2 protein chains.
Amino acid sequence: MENMKYNLGSGALENWLVAETVFNADFLGKCEAIFCQGNGYLGIRHSLEESYVGETRNTFVTGTFNKFSAEEVTELPNFPDVTAMDIYIDGDRFSLEKGEIKEYERVLNLLNGEVLRKVVWVSPKGKEIKFLFRRFVSFANEHILGSAVEILPVNDGISIRILSGINKRVSNSGSQHFEDGSSRIYEGKYIESIQETTESKVKTAVFTAHNIDSEQGTEVKAHPIIKRRGVYYQYDFSIGKENAVHIEKISGIYTTRDLKYRDISENEAREVIKEESKADFIAEAKKGYKLLFEKSEAVWREFWNKNDITINSEDGFDQLGIRFAQYHLNIMIKRDDNRLGIGAKALSGEGYKGHSFWDTEIFLFPYYMYTDPKAARTLLEYRYHNLYGARKKAAENGFSGAQYPWESAWIDDGEVTPLMGDADVVTGEAMPILTGLIEIHISADVAFAVDEYYRFTGDTDFMEKNGYEIIFETAKFWLSKMEKNEKSGKYEILDVIGPDEYKEHIDNNAYTNYMAHHNMKLAKEYIADIKESRTALYEQLDLKLNLKQLEEELCLKMEELYLPQPDENGIIPQFDGYFKLKDLDLSKYKQSSIVGTIYRDFNMEQINEYKVSKQGDIVVLFFLLRELFDKETVRKNFLYYEEKTLHDSSLSKCTHGIMASELGLEEMAYKFYKGSASVDLGTEMRSSDMGIHSASMGGVWQSVVMGFAGVRLFGNSLSVSPRLPKEWSLISFNMVWRGQPLGITIDKEKASIKNNGEESAELMFEGLPVRISGGEKVDITLPGKPA
Amino acid sequence: MENMKYNLGSGALENWLVAETVFNADFLGKCEAIFCQGNGYLGIRHSLEESYVGETRNTFVTGTFNKFSAEEVTELPNFPDVTAMDIYIDGDRFSLEKGEIKEYERVLNLLNGEVLRKVVWVSPKGKEIKFLFRRFVSFANEHILGSAVEILPVNDGISIRILSGINKRVSNSGSQHFEDGSSRIYEGKYIESIQETTESKVKTAVFTAHNIDSEQGTEVKAHPIIKRRGVYYQYDFSIGKENAVHIEKISGIYTTRDLKYRDISENEAREVIKEESKADFIAEAKKGYKLLFEKSEAVWREFWNKNDITINSEDGFDQLGIRFAQYHLNIMIKRDDNRLGIGAKALSGEGYKGHSFWDTEIFLFPYYMYTDPKAARTLLEYRYHNLYGARKKAAENGFSGAQYPWESAWIDDGEVTPLMGDADVVTGEAMPILTGLIEIHISADVAFAVDEYYRFTGDTDFMEKNGYEIIFETAKFWLSKMEKNEKSGKYEILDVIGPDEYKEHIDNNAYTNYMAHHNMKLAKEYIADIKESRTALYEQLDLKLNLKQLEEELCLKMEELYLPQPDENGIIPQFDGYFKLKDLDLSKYKQSSIVGTIYRDFNMEQINEYKVSKQGDIVVLFFLLRELFDKETVRKNFLYYEEKTLHDSSLSKCTHGIMASELGLEEMAYKFYKGSASVDLGTEMRSSDMGIHSASMGGVWQSVVMGFAGVRLFGNSLSVSPRLPKEWSLISFNMVWRGQPLGITIDKEKASIKNNGEESAELMFEGLPVRISGGEKVDITLPGKPA
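Everything in this summary refers to the structure shown in the same document.

### Quick look at the interface of chain A and chain B
Phase 1: Facing 45 residues of chain A, the contacting portion of chain B comprises 45 residues.
Phase 2: On the chain A side of the interface with chain B, the three residues burying the most area are A:Val53, A:Glu97 and A:Arg228, jointly 18% of the side's total.
Phase 3: Between chain A and chain B we count ten salt bridges in total.
Phase 4: Residues A:Arg93 and B:Glu97 are paired through a salt bridge, measuring 3.6 Å at the closest nitrogen-oxygen approach.
Phase 5: Those elements giving two or more residues to the side of chain A that touches chain B turn out to be strand S13 (182-186), strand S16 (221-227) and strand S20 (420-423) of chain A.
Phase 6: Here the residues of the side of chain A that touches chain B sort into twelve nonpolar, 15 polar and 18 charged.

Dropping the structure here:
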C-alpha cells in the first residue's frame, strides 16, 4: 500500500502537489516533516489538528537557540504549539484511529505553500462528517500562520466541542527550553503567551485567536482555560445537518532575536516586544484567513515566476522532485539575516538540533549562489561571524587561526557538537560522537565556498570585508594542524574523520588533505594578489592577521603536505592503509531502503575494518576540485568507490549522480537523481521522521543544474555541458551569473540561453566560449545533433 | 454507561475489587489515579502499557523534590517511565481505540495491590488476541515493580514486536526535572539509566529488564536502542495460534534521597548508589514476577490482617469504600522516614506538586494516630524539621516564632505555594494564589495535632524532643500576628483565608481565631506544666525559646483575642461582616457532580460577596474543638452553614458527616459517607485526573471510626458513642489506645471491645467509664437496646 501520491494535480497544478492519500498513524513523521511549512523565520511541522500517539509537533523560530543545561548542547527550542485543535463530535474525540475513514487526502500545494486536508469520517456514534482543514505559514508577514477548519455534518445534526489555544507543554524530546511565563486573554478573544528561554533568555510572544461562524449562526459558548503551560478556549456549539461551520485560527510568533531588534539592546527589545507584537498580531488576525493567505500566496507566486525549473520527463515525479526541493530551499533560509545558518533538518524537525554543518557550504550554498547571490552572501557572512567560535575552537585545541566548529548554532556559540550518540550494538553503551573533535574538513569547506562565491559573483566587497579573513584564518589552522612525518619529510594530517563517517581515526584522508591544501593555496594566492593590487587592504589585513608570517609559513610548508596519489591500479587510497581493509558483501545493505542498517550488525570499531563507505569521500573531492584530476583517474576511482558506498548519507547520491553524469553513465546518473529526490519525497515512510534532509534538497537541485544541465564553475568560467537523461526532453531554469540573470533551456537538440540582464555574459559551452549580450538570446546546437 | 464496577469479586474477594469494565480513552485519568500502585516510597499511576493521547504517566519517588527554575516552585518530579510497552501485532500498534474490543476488564485487587487487565481484542487485520496484563509495586522491596503480559492469539499465528525500556521523555506538565544522564545496557539484558535532578541534584538510578518466553520456545530477536532520553529493547518474534507468550518486565528505582543514605554525605551517596542499586536490582530481577509478587503480597496480607475494617452494609460499596481508602492510606506514607510529609495527591498525580498542606494534620493524621502511632509520630517529626521553613517564613513576614508554610515540600524548602493559578473567567488573566500569603491557620492546625497526639498516645519522649517546641513557636507566631483594635480593645486576626477558600481577605475568621487561641492556650498550659514538673526540660527550652517572655505575653494578650460569638439567632459569624453578604441560589452548583463549577459563573471577587462556602469553616471548628460549644449551638450553626456549603473541597463531606452523625442526622451522615467515599472511588470520571484526594481517604476512615463508630478523643479520654446508619448491621476495626491494641466490633445491639494488649485500657462508653484489662474482652449493650 502506497501512502503517498505524486500525480494528483492536473492542468495548472500538474506536478505541483504532493499528497498523502492513506492515513496511517505509524507514519506520522513523514508528512509532518515533508509538508513542513515555513518562511525562513518560522518552520512548523505539519502535525495534524487532532493528536496522535507518536506525533512530533514542532514549531521552530530560526536562531532562538537555547541550552537545557550544562550537560546538553544548545539547540533550536520547540516553541509552544498552536497547530493542535481537539475536536469532539457528540462527545467523541475526533481521531482517525477511531470510527471509519470514508475519504482521506492531505495535499501540500508547492505553488502556494498551503496544505489542505479533506476527510470524510464516520464517528463511533455513526455520524458522517466532512472535514476540510487548511493551513499556511505566511510569506507576507513572517510571524503569522493561519489554520481553517470546515466541519459539515452529512446525515444529522451534531454537537461540537473545540479545545484550542496555545500549548506550552512541548519540549525537544523531553528537554524543556522555556519558562512557563505568563498567559492571558484580551478582549475575550486574543490569547497571549509570553515566555523566555531558560538559558539564552530569548523573550518570546505567541498569540492566537479564533473565529467561528456557521451558516446557521449557531450560538457559540466560549470558556477560557488558563493552566500550567497552556492557555485555551473551549468552544461548545451545535450545528444542523448539511450546515457547515467555519473555524479559523490565526496565530503569531515573535521573539527578541527578530531581525528588527538586531540593533537595539536586548533589554530594550524585551521591553518593547510585548506591545509591538501584540499590536502587529491583532491587526493581522483581524484580516482573517482568506486575506492573509492571499498575501502570502502572492509572494509564493513571485518566487515561482522567478525560480521554477521545468523538467519535461516521462515521469512527472522528476518535475515534482525539483519543485519539492525548491519549496524547501525557499522555506529553510532567512535570506536577509546573516546571523543564521541553515540546520541539517532546516526548521522541520529536532534532528541535529538546528545546527549547521559543512552541508551548508558544499550542498546548499551553490543553489543560493546560482539563484540568489545576495542570500548566498549572508550565509558566508554567518561563517564570518562564526570566526569567533572557530578561533576559540582552534585555540582550545592548541591550533592557530580558525578551526570551524563541526556543528554551529548561534553566532557566538562556538562548537556545539554533542558528545554522545546512539547505542553500540555490541557493548550496549552509548557511542561517543567524534565529529566535533576530529571531523575537521569543514574549515577547508568554508574556505572553498568563499572562493567559489568570489569566482562566481566577483563580489570584491564581500571578500574585502569578510572573505579574505576566512580564507587566511582557516589556512593558518591547517598550517598548525599539519604534522611533519620525520621519516618521509612530508606533512601529514592525522587522526581525522572524512566525509565518509564510517571511518574514524584515520590518517591522511584524501578529501581532507586535498581540501586543506586547496585552502592554503587560496590563501597564498590571495595574499599575493592583494599585496600586489590592493596595498591598503593588504596592510590593514596584515595588521590584523599577520599576513607576512602566514605567507612565509605557506611558502615553507604548504607544498610539503602529503597528497595521496593513485596506486598502480590508478586508485587513490581514501586514507592511509585503506587497501589493507577487509572486503564485505554489501548487497544486503545496498538493497535496504533504510539508512544505517549496517549499524544493526556492526559497531563503529568493526565497520572501521571493512572497505565500506557511508558516502564516497573521493567522489566529493573530484566534484569540488575537478580540475586537479584527469578523467581516467576520476572514472576508475568513481567506479571503485561507488561499489563500496552504501549511500547512507543523504548527501551521497547527488554527488555520485553529478559525477556519473559527467562520466556519461547516464542511466546511473538518472537512478541517482531519483534516489536523491526520494530521500524525503519518496515512499520510504520513516526516513524523514526527525526532519527533512535540507542539504539533500540542495543536492537535488545540483543534480539537475550542475549534473544534467552541466552548468558548473571551472576556474573563473561558467561551463555548460548538458547531459539530459534519455527520459527527459527538456529542462529550463533561471540563474544569475556575474550579476546577469540568465534563462537557460535545454532540450534534446539545443540549448537556448537568454541573458535577461543589461550587461553581456560570458560562458563556456561544451568547452567553447560564448558571449551573450544583455537582452540577447542564443541557441546552441548540442554536439552530435543536426544544427 | 457506567465505566466502573464495584461488586465484581465474590467469596473471599467480595468487596476487595475495584473494576473498570468499559474502556474509554476520554477518562484515562480516573483509573490511572485510583489504581495508582505504590509502597510509600514509590507511587506509580496505572497508565496502560499501550499509549493514548491524553494519558498522564507518572512515577514519583517520595521526597525527591526539584525546582525547574527560579520562576517555579519545587515539586515532586516525574520519574522516567517503565510502565509503557508498545506492542505491535502484525505491524498494527496495539491500541484499544483501534480494532475491536471483545472483552475488557481492569481490576485493582485491594487485598494484594495487584492490577490485572484482561482484554480480548481483534486487531485491524482481524486477528483475535487475548491479553492478560498484570502489574504490582513491591511492598517487600520498595524499589521494585513488576509487569507481566501474556499474549495469546486465538485464531491464527501472529508476529509480535515489543518496544519497551525506560522512557525519560517525561515531565511535569512540560517542566523537565532531570538531566538526560547516561543510558546503558548490561549483559544484553539489564537496562540502566542514571540521572540527576537539575536543581536539587538528587541522583537517580532506574533499571529494567525483560524476560520473554513462549510455550513454543520461539526465537526472539532483541535489538537495543539508546536514544535521547530513552533506552529500550525492541523484541521481534512470532507465535502460533493458541500459543501464549509471556513477557515479564521487572524494574527498579533508587535515589540518593533514600533513607539508607540519610546518614552519609551526599557525595558519598552519589558514589555508591550506582553499584549498590545495580546489584540490588539484578538480584531482584532474577527472581521473576511470580516470586517477587508473592513476597509483596505477603506484606499486604499482614497489613490487612491487622487493619481490615469490616462493614456489614446493605450496600457492599460501603465496605469497599473503607478498604479503598485504607489501600491508599497504606501506599501514601513512608512510615519510617520523618523527612517526608504526605502530598495532597499523595504519589498519584502531579496535582499540588507533592506538597503537604494542613490536610495532613487534620484529615490524615488521626488515621495513623489511631492505627500506627509510630508512623503518626514521624509525620509530626516532619513538621519539627519544617520549623526551619516556618521560622524563615515568620521572619520574612515580620512575625515571631514559627509560621508554617501553607505548602511544604522537602524539609528545608520553606514555603512552596505557587503564586499564580487558573484563569479568571471575567478578566482572562491568571488568578493570584493567596493561600501561601494569608491562609495562616495551618500553624494552629499543626499545634493542634501535636497536642492531640500527646493526649492520645502519652508519648512524652516526642513532646520533649519535638512537640513542645512546635507548640511554643507557633504560639509566638500568633502573638505577633494578632493586632489590637484600638476601638474595641480586643486583639484581632485580620486579612486571612479560612478553610473555606471561597472567601479571601477576611477578618476574624472564626476557625482561625479559635484555633489560634487554642494554640496559645496549649502553650500557656504546657509551659506551666513543665515549669512545675520538669524543671530541667523547662530550663533547656527556656534557654532556646525564651519561655519566660512567651508566658508573659500569653498572660497579657491571649485572652484578649476576639472570638466570634453567636448572634441573637445563635449563629456564629464565619468572619466579620458575614451576615451582610448576599444570598445566592446554590441549587445549580449543589446538584453538579463536578467541583468548582461556581468558578464558571463568578470570579473570586464576586464569590466573595455571597453567602456560599467551599467547605464549612465552622463545622470543622466544632469537630476539632468540640468541647468549646454546646450542642444547641453546634446544631443551629451546622444546619445554617451546611445549607450554604457546596462541598467543593474533598475534605468537606467527611467532617459534615461526622458532625451530622453526632447530631443524630443519620440519613444525612450516611449520605455524606457515600459522598466522601465517592470522591475518588465513585463514578465521576474526571475528578481524580490530577491524582487521588489523599486527605479525603483519611476523611472516609474518620467518617467510619470517628463518625459512625463514634470513637473520639475528648480531653484525655477516648470516647465511644456508636451511631451506625440503619443500612449497616456491623462494623469491626482495630486501633491502638495509649499503647494497647484494641479490637472493636459494633453491631445493632452491642459493642464488643477486646483489649489485645497487656496493660489495661480505659475509655468512656456513651459517657460512662469502661476499664478493660489486657487480654480481656467486654461486651456493652448499646443504649436503648435490650441488655
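### Examining unusual backbone geometry
All names here are of chain A.
Phase 1: The backbone phi angle of Asn15 is positive, close to 60 degrees, even though this residue is not glycine.
Phase 2: Within the secondary structure layout, Asn15 lies in the loop between strand S1 (4-5) and strand S2 (17-20).
Phase 3: Among the residues examined, Asn15 registers a relative accessible area of 14% and is labelled buried.
Phase 4: You will see that Glu187, though not glycine, has its phi angle at about 50 degrees, which is positive.
Phase 5: Within the secondary structure layout, Glu187 lies in the loop between S13 and strand S14 (190-196).

### Quick notes on the nonpolar core
Phase 1: With 163 residues, the main nonpolar core has A:Val18, A:Trp358, A:Tyr368, A:Phe472, A:Phe733 and A:Met735 as its most contacted residues.
Phase 2: Looking at which element gives the most residues to this core, the answer is helix H10 (residues 510-533) of chain A, with eleven residues.
Phase 3: Within the second largest apolar cluster, 158 residues are counted, among which are B:Tyr6, B:Leu108, B:Leu479 and B:Leu782.

### So, the sheet that holds strand S3 (residues 37-38) of chain B
All names here are of chain B.
Phase 1: The three strands lie next to each other as S3-S4-S5, forming an open sheet whose pairing is antiparallel. If you trace the sheet from one side to the other, it starts and ends with S3 and strand S5 (59-61), each paired once.
Phase 2: As defined by bridge partners, strand S4 (residues 42-44) adjoins S5 across three bridges and the pair is classed as antiparallel. Bridging from a neighbouring strand, Leu42 pairs with Val61 of S5.

### Quick notes on the pattern of salt bridges
Residues and elements named next belong to chain A.
Phase 1: In the structure shown here, the tally under the stated rule is 124 salt bridges over all chains.
Phase 2: For Lys674, the salt bridge goes to Asp318, with nearest N and O atoms at 2.5 Å. In this pair, Lys674 is assigned in helix H18 (residues 666-681) and Asp318 in helix H4 (residues 316-331), connecting sequence segments 356 residues apart.
Phase 3: Residue class for Lys674 comes out partly exposed when judged on its relative accessible area of 23%.
Phase 4: Judged by relative accessible area, Asp318 falls into the buried class, the value being 0%.
Phase 5: Its salt-bridge partner being Arg339, residue Asp337 comes within 2.8 Å of it at the nearest N-O pair.

### Quick word on the packing of H10(A) against helix H11 (residues 535-545) of chain A
All names here are of chain A.
Phase 1: Close contact between H10 and H11 brings their axes to 6 Å; oriented N to C, the two are set at 125 degrees. It follows from the interaxial angle that H10 and H11 lie oblique. Within the contact between the two elements, H10 uses Ile527, Ile530, Lys531 and Ser533 and H11 uses Thr535, Leu537, Tyr538 and Leu541.
Phase 2: In the contact of H10 with H11, the residues fall into five nonpolar, two polar and one charged.

Reading guide: rules and limits
Residues numbered from 1 in each chain as written. Chains lettered and ligands numbered in written order. Predicted model: local features only at pLDDT ≥ 70, side-chain atom pairs only at ≥ 80, totals over all residues. Heavy atoms only, no water. Contact = heavy atoms within 4.5 Å. Buried area = accessible area lost by both parts, 1.4 Å probe. Salt bridge = Lys/Arg side-chain N within 4 Å of Asp/Glu carboxyl O. Helix = DSSP H or I, 4+ residues; strand = E, 2+ residues; numbered from the N terminus. Nonpolar A, V, L, I, M, F, W, Y, C, P; charged D, E, K, R; others polar. Buried < 20%, exposed > 50% of the residue type's maximum accessible area, 1.4 Å probe, protein only. Core = buried A, V, L, I, M, F, W, Y, C linked by side-chain atoms within 4.5 Å. Pairing = 2+ DSSP bridges. Axes fitted to C-alpha atoms, helices over the stretch in contact; angles between N-to-C directions. Parallel < 35°, antiparallel > 145°, perpendicular 65-115°, else oblique.

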